[in-house]
Amino acid sequence: MKIAQSTDCEGCGQRIGNEDFLLATDGISGKVVAFHKRCNPADPDLQRHYSVSLTPAQFATTLNWGR
Amino acid sequence: MALSPNKYNSTVQALARGGASGTGLLLNADTLKMGLCTAATVPAAADTTFPGTGTQVANGNGYTTGGVSLTGATSNSGGTETLKTTANFANPTWTASAAGFSLRYFVFYDSTAAAAVCQNLLFWDYGSTLTLSGANGDTLDLSGSNFNTTGWATLV
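For clarity, every value in this text was computed on a predicted model and none was experimentally measured.

Structural notes on the overall build of chain A
Helix and strand content of chain A: one helix and four strands. Order of helices (α) and strands (β) in chain A, N terminus to C terminus: α-β-β-β-β. Looking at chain A as a whole, 34% of its 67 residues are labelled buried. When the accessible surface of chain A is totalled, it reaches about 4200 Å², and 50% of it is carbon and sulfur.

What to know about the nonpolar core
Counting 35 residues, the largest nonpolar core has Met34(B), Phe101(B), Leu103(B), Phe106(B), Phe108(B) and Leu140(B) as the members making the most contacts within it. Counting only elements with at least two residues in this core, the list comes to β3 (47–54) of chain A together with β3 (32–37), β8 (101–110), β9 (120–132) and β10 (139–143) of chain B. Membership of the second largest hydrophobic core comes to 10 residues, among which are Cys9(A), Ile16(A), Ala24(A) and Phe35(A).

Observations regarding the pattern of salt bridges
Close approach of charged atoms allows side chains of opposite charge to pair. Residues and elements named next belong to chain A. Going through the model one piece at a time under the given rule, you end up with three salt bridges over all chains. Across the salt bridge formed by Glu 19 and Arg 38, the nearest N and O atoms sit 2.8 Å from each other. Placement of Glu 19 in the loop between α1 (2–5) and β1 (21–25) and of Arg 38 in the loop between β2 (32–36) and β3 is noted, with a sequence separation of 19 residues between them.

Some words on the pairing of β2(A)
Residue and element names in this part refer to chain A. Of all the five residues making up β2, four are buried; the element is thus mostly covered by neighbouring parts of the structure. Sheet topology places β1 next to β2; five bridges connect them, and they run antiparallel. Within β2, the position partnered with Phe 21 by the bridge is His 36.

Thoughts on the side chain of Thr139(B)
The topology assignment puts Thr139(B) in strand β10. The class of Thr139(B) is buried, set by a relative accessible area of 6%. In terms of polar contacts, Thr139(B) uses its side chain to reach the side chain of His49(A), at 2.4 Å.

Procedures and definitions
- Residues numbered from 1 in each chain as written.
- Chains lettered and ligands numbered in written order.
- Predicted model: local features only at pLDDT ≥ 70, side-chain atom pairs only at ≥ 80, totals over all residues.
- Heavy atoms only, no water.
- Helix = DSSP H or I, 4+ residues; strand = E, 2+ residues; numbered from the N terminus.
- Buried < 20%, exposed > 50% of the residue type's maximum accessible area, 1.4 Å probe, protein only.
- Areas by Shrake-Rupley, 256 points an atom, 1.4 Å probe, with all protein chains shown as cover.
- Core = buried A, V, L, I, M, F, W, Y, C linked by side-chain atoms within 4.5 Å.
- Salt bridge = Lys/Arg side-chain N within 4 Å of Asp/Glu carboxyl O.
- Pairing = 2+ DSSP bridges.
- Polar contact = N/O pair within 3.5 Å; in protein donor to acceptor, adjacent residues only side chain to side chain.

This is how it looks when you write it as structure tokens:
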């Protein structure tokens, strides 16, 4: 996963990064290549990778006395 | 896609009880998990145990009932004026197989038996159903999750 994220999209040429992506095997070279999901490659049988980032939660406790 | 957390009512209870009583959250000892629920029902803030009113994804096809244990936690705390604890975990991942599965909610909870009265901590809403194809071996990778608590005392 991390390797694919540091490679370039075969569609737009930009880094895959922390986005949903798809993997495909080049029928000629046999090399596995990656596409951004948003670049929408035509083959529907591609393996899809969904990357979801969960933002942190902050909690605070306040203790009051002397009231 | 970045998702914002939703808190359960029991979250603050878990934090307030801490680990000493055996019924609260102890980041460095409890078994913390990330479970998945479908879009069938919406998790309620009043839920105290997983999945509560949520509908957990069925076992199999790449999902195991209860979800995945969060591992590789690193935590730190420091300072005497501001007490802060942060826990960061290795990314939980799933790979669909066979018929695959669909989900909508990610639920972060404490599965330690003694914490059953305040098990649920946070949930995130994907916003729509996410379907993972088993035929293609689709994968899901959660990142960026962490859990911060900050406590301080004030004189009023």
